[in-house]
Amino acid sequence: MEQLVLAELRQWVDETYVGFHPNTGSVKPVHLAKGMFRAALGQTVGADGIKRLAYVISAKGQTPKGNTPEEVLNWLRQGQAAEDGITQEQLNAFRNALQKMVATDKALFGDSKNVYGAFTAASAPFVTKKESPHEDAGQFAGDFLKRACPELAKYVSKLLGKASDPISTAFLPVLNRSAETDTLLDVVPESLDWENPLPLDRLGAFKLDKRTRANKKLDALLESVNAAGECLETHLKTHPNSLTQMRLFNLFGCLCTIRWLGALASIYCEEEPRPILLDFSGKPSSGIARTSVLCYSQFHKAISRFYAWGYAEALKARGLKGDELRKSPVPCFKATNKKKSKDAEGLNELWQLAKDNAKDKAEDEMLQIFGEAINEMTILEAENHPVGWLRKLGTEIGLFYPPTNFNTNKRFALSDDMLEIVLRCCVVPDETVTPDALRDRLWERFRIVIGGSVQDTQRLSGLGGIVYADADALAQNFADFAHELDEMELAETLPDGILRIGFGGISQ
Amino acid sequence: MNKKEELLSEVIQERLNTCKVGLLMRGIDGVSPLVILTALKKPDGAFFHSAAVGYESGNTLPHSTKDFHLTAQIEDAVKWRSDPALAGRILVFVKQDADKLHSLKELDVVTSRAMSKHLIHEQCADRKELPAPIRDFWIALEKLAEGFALDNLIAFTDAVRNDAGTEIQKNLWRLGLLCDARILNAGIQPEERLAQNRDLIIAIGQISAEQSKRLAATLGKCKPEDKACYQAAHRGLQDFFKYGKSETLKALDFDTVRELLLATKRPEKKLKGAETGKIGEKPTEKPIKERELDLLIAGGVVFPTPENKKPFEYLRGQLSKGFENPDDVAGGITVDGGVFKGRKIMPDAFDSPLSKLVHRFCTRENWGGVMETDTTTLRDAVAATAIKEEPFSPESKDNKTACDNLALFECLREFDKQFVQRKVSDTVDAFAPVLDLLRKHRETLLANLDMLMRYPVLEFGTQDKCRAALFGYTEAWAGLLRAYCKNEAEMHKISPQLASAAARSLLLLDVLYIKTPTEWKGMLLPLHPIWLWRFSEIFTAIHRHSDDYTEDDKKKLVEVFDSLPQILNFLIADRAITGDNTHIELPCSGRMSMLPTFENKTNRYLGADGIECVEEILSRWLAFAPYTTRELRICAVDAPDHAKILKMLAEFAEEKNIGRIVCRFFLTRGQNAGMELAEVDFTGKEHKVADMLRSGRISLSLKAAKDLAEIKRDLRASPVHIGFFFDQSSYSIGHGPTEKQLYVNPLVVTYDYQFDPMTKRGEIFPSSDMDSGIVGDYHKMLRLADLTTNNRIPRPVYNPAADVRDLSGAVADGEVVWLAVVL
């Protein structure tokens, strides 16, 4: 039997079941934003003018060809975009400010030849073709949101097209627009091959028979995302600042992507999705924080289990049998460097252990054992793995805490921004809800639990099994949550002690 | 009546004796208020007024008996509360949040925790027949009651009803814990053990891929008789996280799981004493940061071993990658083996504004330059966008280094031609070959500029090519300066004007001059010959004359490697730079990252030096006044790096468990502390600092003060325990006689001491002037360029006229208890 190549198996699982490649430790929300915007718009632009004006110098001191101060000034003057009175120094200062503005998240790079990456901007003229592998998760999230909440996607697409935000305005002379039709000129329709986006219908979950259990789980997920998305849409429509609207949309997209990763085990492997206990205690040693850490463990272990299952499916798809695998050589990570391994001894041990464990087992069980071994071997050999990707993105968007990658024992403790987005997905602008109603919506839309009610306690213990906090601690957690909302002016305690949660009628 | 109802009725019975208005049973499910009220033993003639809100029995209410009246309306309870006649006889059961609950706040609240505590308490209270370990167990459990759901506790107490110790050991799974055969053993602290049990489950859920591999390896290697047991435990844990059911824990044992977790830990190796760089004698998982990393690197370079070779190369590769893409190593770098022992390395932020600035002024074409900025301090100037930048390009005639419309290097090559024409080639050294060598080696060094600037010891220590380039580059520079000094007389005959201009221009190379709105400042760039010369000398010694060093010498070298003295004591910004007739002498004022800085009227501490004493002084203070662990008050005046102090305080507060630290920063020179603090990664790496600021554990205030007197007034109003005053004097330039007999060593700056017996004041001049070598030639060029005179050389002096009376009186006047003056 030929030597298995781990990277190929991983790619197969990602492309068949996941929809993107969560294999980078450098993913940032801005990468997802670009992918989502591309999916929402269904087109890209060259943005050459923007790149030329905004990109002054790289961190390594390189300036792309054509971007030197003199060349840019001449180019602007030729296009009558710069008045004669503008000096080189003034333009330099302006360009430096522009670069800081559109490369805030440090996702824009340049060398002596070109500029590539993702702009920190949110309008159609900045949405370029895929220039970084990190963006495919955004493309997936965009496609997923188009399916789950089409109205929201349409609204975002329309807003992107308007390009009326201050960042777009700053670049107005170089946006490459047609003066007559007010449309972008260098538009390229998005192609739909794997290299760029992945149409959802190619994914296993979307192909499954609707009557199957797995598809019901997907339907439930889509429904919950739809309810959250529609609620968010009402907020976007009432918000005066389009950049803030896009920021909210981006955070929502990132959250949905994380939910999708967490739900893979339930969609494909018939597991129950796990509750997410939000920790507002602020103390890492509290029972709530410990239980939230357990929730995080269950969340990421579900992803690992899904991948183990996925690898077993990949072996099946290749027609491999357990007995063949028991005689097979130790897999390598990439076909190109078969001899180079980070930890050949470790791989050998894992593969040998899998062979021992698979002895005298049924065929399916054998494949599952080898799937688990392949998962662990991939994690060891690859630069990054899906759990690392999840941790990075979740930390970046303020879902996990502590916010450093150094701490692996994360818990679900929301940043203010993330708390706001979660709330905006549960309460429409003019609405005020009671704590119980909010608890129900958080559960239905995000499987989030905070505590303070009998139902929440049951939700937590019913599926999560272990809870290191009693009902009083959970009630205190809700009180801390309410206090935080109060401080953010998203809730008020009425004179009779009743907590009312809402946005204070912002649509008026 | 179920167990929960029994329990609640017992708690109610107990609380009724002490309650004044009534009892509010809140958030308790699984009970029927009707059943509880019926079962309650009432005092003679007592009639209870009760309400049950949110319970299933609501449809059958109201319900009255001779002993109680039960309603489903909370409003009734609100009415009863106002009737003094009913005091102590009101019982309200509220399952969920309900309107008007706030109106019942006078009622004593009973929650499930009270029931939990009661349940546990009754297991051991007044039962003297219980063995001590079992009683201790229940007491420990009572203390930890808030960590267990009531239903689990009921199930657990039911299961261990017969009091046998083995039942307790076997049924811990009902509490979400691992079964523990040793929980009741003598010498075991049950409270600690229960907490360990809980932490073990959490820890096993967090094991990393690396740990998972170690676990697999251990499972593969364990003895056949143990194998089945460990593999079953491993499988059980996987099932636990898969299905999330506490029943899974039934088959898992605390000791076995702990051994599994231990198998995931890195095996500890014996340290090799001096070879390790002597940082941590005990194995630790603490991440390696800043100075420790520098020391480990220095240790590995000075004491090279084959085991360190690969880890150092890997670290170098990762650090280098970090400069390309900081995100790749944002989570730290783990280097197996060598002196790092697999500990995580947390390097400083890669993406520093200084790095970007250096990359602009230190390129193949640009050899330093002049930058104009609208900020006033050097740190801000580095971070801010420049108003104007004029790089020095020795191959271009369009910049300040050009000599009369000739590019600097072109000018030197013209002199070469003139030497040939005048047939004096034999008595002079040609410039062209040296310039070619200089450019060639510079090219190699430029490729690794970031590493060279931040980790020069690692780069030169591990990269043979880079080290060879270092030797070549400094030798080429030495050759260039020597050639100039040797040829100067001949050059003077050819063109006195160009000879002098060339000397001045050569001295400009790889220096960055910064024009702020108020004054000039300067900085050496990483390819400046005098800056690099120190490394060249030391690495020459290590690699070519290592036998000359004793073990002790080497250990000392390790300690000073990252803080070598600056050899160049001053820079001169003359009219070639300023554009007018001003001639400004800038004393060396400190360093930024590894690069020396030059400025007047400033705190000389720009780097970390000086700050390190803060932690030590704080520790000593705590030993002196342990009562201040509740609240420690400090102030820092003109701290060189406020962010660093803040981080240090947060670490100190955590390590020593300080309740609160009140910290006041005073600034007397218009420094922008806000900008320093804004650079702290509060939402990421330094989240603990943010947490402490948010929770008020660290209270921080910043104040710009006019002078020390104003600070003194402030401190009089709110004194502090320790006052840190950072260098309240400043440097200025004095002039001293040229000293030509000094020996300049890259490890030690030679000082010239003078003491005036009449005024009883001493002066210390750092001096690096000498007669020969690269440093001697550099100083000679200063004279040839008319920047210094033959017998008077600028020397930085510590300003003796500074008025520090307010500072010296701070202790006597009770404004500080301890005064730390950091010089």
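For every chain, the first residue of the written sequence is number 1, and numbering continues from 1 along that sequence. Chain A is the first chain written and ligand 1 is the first ligand written, with later ones labelled in order. Local features are withheld for residues below a pLDDT of 70 in this predicted model, meaning they are given only at 70 or higher, and side-chain atom pairs are given and counted only at 80 or more; totals for whole chains, interfaces and linings count all residues. Note that water and hydrogens are dropped before the side-chain values are worked out from all heavy atoms of the structure.

J.: Could you give an account of the sheet that holds strand β5 (residues 90-94) of chain B, naming the residues involved and the relevant values?
T.: Adjacent strands of a sheet form backbone hydrogen bonds with each other and so pair up, either parallel or antiparallel. Residue and element names in this part refer to chain B. Taken in spatial order, the 6 strands of this open sheet run β3-β4-β2-β5-β1-β6, and their pairing is mixed. Two strands in the sheet have a free side with no partner beyond their single neighbour: β3 (63-64) and β6 (108-110). Bridge count between β3 and strand β4 (residues 68-71): 2 bridges; the pairing is antiparallel. In the sheet register, His-63 faces β4, and the bridge partner there is Leu-70. Whether two residues are in contact is decided by their heavy atoms, any of which lying within 4.5 Å being enough. Under this scheme, a helix contributes an axis fitted over its contacting stretch, all axes are lines through C-alpha atoms, and angles between N-to-C directions fall in the 0 to 180 degree range. Strands here mean DSSP runs of E at least two residues long; helices mean DSSP runs of H or I at least four residues long; both are numbered from the N terminus. Contacts between helix α1 (residues 3-16) and the sheet are confined to β1 (22-26), β2 (48-53), β5 and β6, with β1 contributing the most and set at about 150° to the helix. In this description, strands pair whenever DSSP reports at least two bridges between them.

J.: I'd love a proper account of the confidence of the model for chain B, names of residues and values included.
T.: Residues and elements named next belong to chain B. Scored from 0 to 100, pLDDT reflects the predictor's confidence in each residue. The predicted model of chain B has a mean per-residue pLDDT of 81, with 86% of residues at 70 or higher. Under a pLDDT of 50 for its full length, residues 268-283 has, in the predicted model, 21 contacts with residues more than four places off or in other chains. Per-residue pLDDT stays below 50 along residues 603-607; that stretch engages in 25 contacts with residues further than four places along the chain or on separate chains. Model confidence for the complex is summarised by a pTM of 0.76, with the ipTM given as 0.83.

J.: Could you give me a rundown of the packing of helix α4 (residues 69-78) of chain A against helix α5 (residues 88-102) of chain A, with the residues and numbers involved?
T.: All names here are of chain A. Orientation of α4 relative to α5, taken along the N-to-C sense of each, is 100°, at an axis distance of 10 Å. Considering the angle they form, α4 stands roughly perpendicular to α5. Facing Pro-69, Glu-70, Val-72, Leu-73 and Leu-76 of α4, the residues of α5 in contact are Gln-88, Leu-91, Asn-92 and Arg-95. By the convention adopted, Pro, Cys, Tyr, Trp, Phe, Met, Ile, Leu, Val and Ala count as nonpolar, Lys, Arg, Asp and Glu as charged, and the other residues, Gly among them, as polar. When the residues that make up the contact of α4 with α5 are grouped by side-chain class, the tally is 5 nonpolar, 2 polar and 2 charged. Small angles under 35 degrees read as roughly parallel and large ones over 145 as roughly antiparallel, with 65 to 115 read as roughly perpendicular and the rest as oblique.

J.: I'd like to hear about the packing of aromatic side chains, residue by residue, with values.
T.: Here the distance between the centres and the angle between the planes together describe a pair of aromatic rings. Residues and elements named next belong to chain B. By convention, a stacked pair of Phe, Tyr or Trp rings (six-membered ring in the case of Trp) has centres within 6.5 Å and planes under 30 degrees apart, an edge-to-face pair has planes over 60 apart, and any other such pair is tilted. Counted under the stated rule, the structure contains 39 aromatic pairs over all chains. Sitting above the plane of the Trp-367 ring, Arg-442 keeps its charged end 3.7 Å from the centroid. Taking the ring centre of Tyr-455 as reference, the NZ or CZ of Arg-454 above it sits at 4.4 Å. Geometrically, a charge over a ring is one whose NZ (Lys) or CZ (Arg) sits within 6 Å of the ring centre while staying within 35 degrees of the ring normal.

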